[in-house]
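Spelled out, the chains give:
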Amino acid sequence: MMNQKPSFMLVDGMALLFRAFYATAVTGQFMINSKGVPTNGIHGFIKHMFTAVATFKPTHLAVCWDMGSKTFRTELFPEYKGNRGEAPVELIPQFDLVKEVVESFDIPNIGLAGFEADDCIGTIANQVKDAAHVSILTGDQDILQLLDEQISVVLLKKGYGNYLVHTPETFFEEKGISPRQMIDLKALMGDPSDNYPGVKGIGEKTALKLLKEFQHVDGIVANLEQLSKSHRTKIEQDLEMLHLSRKLAEIKCDVPVSCIIEDAGLKIEREKALTKLMELEIRGLQRLLPIDEVIIS
């Protein structure tokens, strides 16, 4: 079809790498190669990424990464993600190596110190959504706040090749609120996995009820006198944390990163890709690489 929009898949690199690592680490299958380097996370990452490529057939692809644990969010709230331990020693060397593998596929790696992968994903998605159909591959539900008519989210489910695809319509069916209201939802109820509290004593059910009635945090705060005494007291006591939690929950979409669509076209060079996989002794994945129809110049 002429003038068909490209299909651009943004991959949450950390979500795939961690999922792949822990799926095999639990049984001690670290796939240590002859150089003593574990490759289980990289192996699973590649499998997750190209299984999704085979399923959704994007024409363009880029991978976004966290670049260290210090971000503008830890500056705002030092306890942010403070409940997470050190990365396992078997995972540490795979952080850099997986980026080398992605580079060998001629797929852009995107990340910026001080920001999370989510922020880079949100920024790039909004930059390219008018020129391409955007899908985001992740296991992280926080990214659902980015949903709009031009951006869908593909959530990884257990195993390989199992997905839950979200659009603004499916999100509304599930939660009864818009994707952007998810930021206010997290502001109210907090996020234990990211280690910020929101408003103590307010859970999802109450938060959803308040958002359906007052739309957003500012609307709730402006109408405190209409709330039950219990809810009003809880919010008044945690007002500062409510506003801080909202800042922590919101994905920034104006990070100084960019990705030219043309640079993200799927154009894997067979020899370059296979040489890298052989170097790391990663076997059995060649059939997954989308290289059959590529003409090597």
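Quick caveat, the model's predicted, so the values are computed rather than measured.

Chemist: Which residues make up the sheet that holds strand β3 (residues 109-110), and what values go with them?
Modeler: Read across the sheet, 6 strands follow the order β3-β2-β1-β4-β5-β6 without closing on themselves; strand pairing throughout is mixed. Only two strands of the sheet have a single neighbouring strand rather than two, namely β3 and β6 (163-166). Contacts from helix α5 (residues 117-128) reach β1 (7-12), β2 (60-64), β3, β4 (133-138) and β5 (151-156) within the one sheet, and its direction differs from that of β1 by about 170 degrees.

Chemist: Tell me what's going on with the side chain of Asp238, and back it up with residues and numbers.
Modeler: Within the secondary structure, Asp238 sits in the loop between α10 (229-237) and α11 (239-249). Buried and without a salt bridge, Asp238 has Lys200 as its closest oppositely charged side chain, separated by 4.0 Å. When residues no more than four places from it in sequence are discounted, the contact partners of Asp238 are Gly198, Val199 and Lys200.

Chemist: Residue-level account of the domain arrangement of the chain, with values.
Modeler: Along its sequence, the chain is carved into domain 1 (7-171 + 252-280) and domain 2 (174-249). For domain 1 and domain 2, the distance between their C-alpha centroids amounts to 29 Å. At the junction of the two partners, domain 1 supplies 18 residues and domain 2 supplies 22 residues. Across the domain 1 to domain 2 interface the summed buried area is about 1,700 Å²; carbon plus sulfur atoms make up 54%. Considering only the surface of domain 1 that becomes buried against domain 2, Phe77, Gln145 and Phe171 emerge as the three largest contributors, covering 42% of it. Our count for the contact surface shared by domain 1 and domain 2 stands at 2 salt bridges. With 3 residues, the top contributor of residues to the side of domain 1 that touches domain 2 is helix α6 (residues 168-175). Taken together, the residues of the side of domain 1 that touches domain 2 sort by class into 7 nonpolar, 6 polar and 5 charged.

Chemist: I'd like a rundown of the packing of aromatic side chains, residues and numbers included.
Modeler: Counted under the stated rule, the structure contains 9 aromatic pairs. Seen from their ring centres, Phe56 and Tyr163 are 5.1 Å apart, and the 70 degrees between their planes marks the pair as edge-to-face. Separated by 107 residues along the polypeptide, Phe56 in helix α2 (residues 40-56) and Tyr163 in strand β6 bring together distant segments of the chain. By relative accessible area, which is 28% here, Phe56 ends up partly exposed. A network of ring pairs unites the aromatic residues Phe18, Phe21, Tyr22, Phe30 and Phe95 as a single cluster. Here Lys47 stacks its cationic end above the ring of Tyr160, 4.4 Å away from the centre of that ring.

Basis of the calculations
Residues numbered from 1 in each chain as written. Predicted model: local features only at pLDDT ≥ 70, side-chain atom pairs only at ≥ 80, totals over all residues. Heavy atoms only, no water. Pairing = 2+ DSSP bridges. Helix = DSSP H or I, 4+ residues; strand = E, 2+ residues; numbered from the N terminus. Contact = heavy atoms within 4.5 Å. Axes fitted to C-alpha atoms, helices over the stretch in contact; angles between N-to-C directions. Buried < 20%, exposed > 50% of the residue type's maximum accessible area, 1.4 Å probe, protein only. Lys, Arg positive; Asp, Glu negative; His and termini not counted. Salt bridge = Lys/Arg side-chain N within 4 Å of Asp/Glu carboxyl O. Domains from an automatic or database assignment. Buried area = accessible area lost by both parts, 1.4 Å probe. Nonpolar A, V, L, I, M, F, W, Y, C, P; charged D, E, K, R; others polar. Phe/Tyr/Trp six-rings, centres within 6.5 Å; stacked < 30°, edge-to-face > 60°. Lys NZ or Arg CZ within 6 Å of the ring centre and 35° of its normal.

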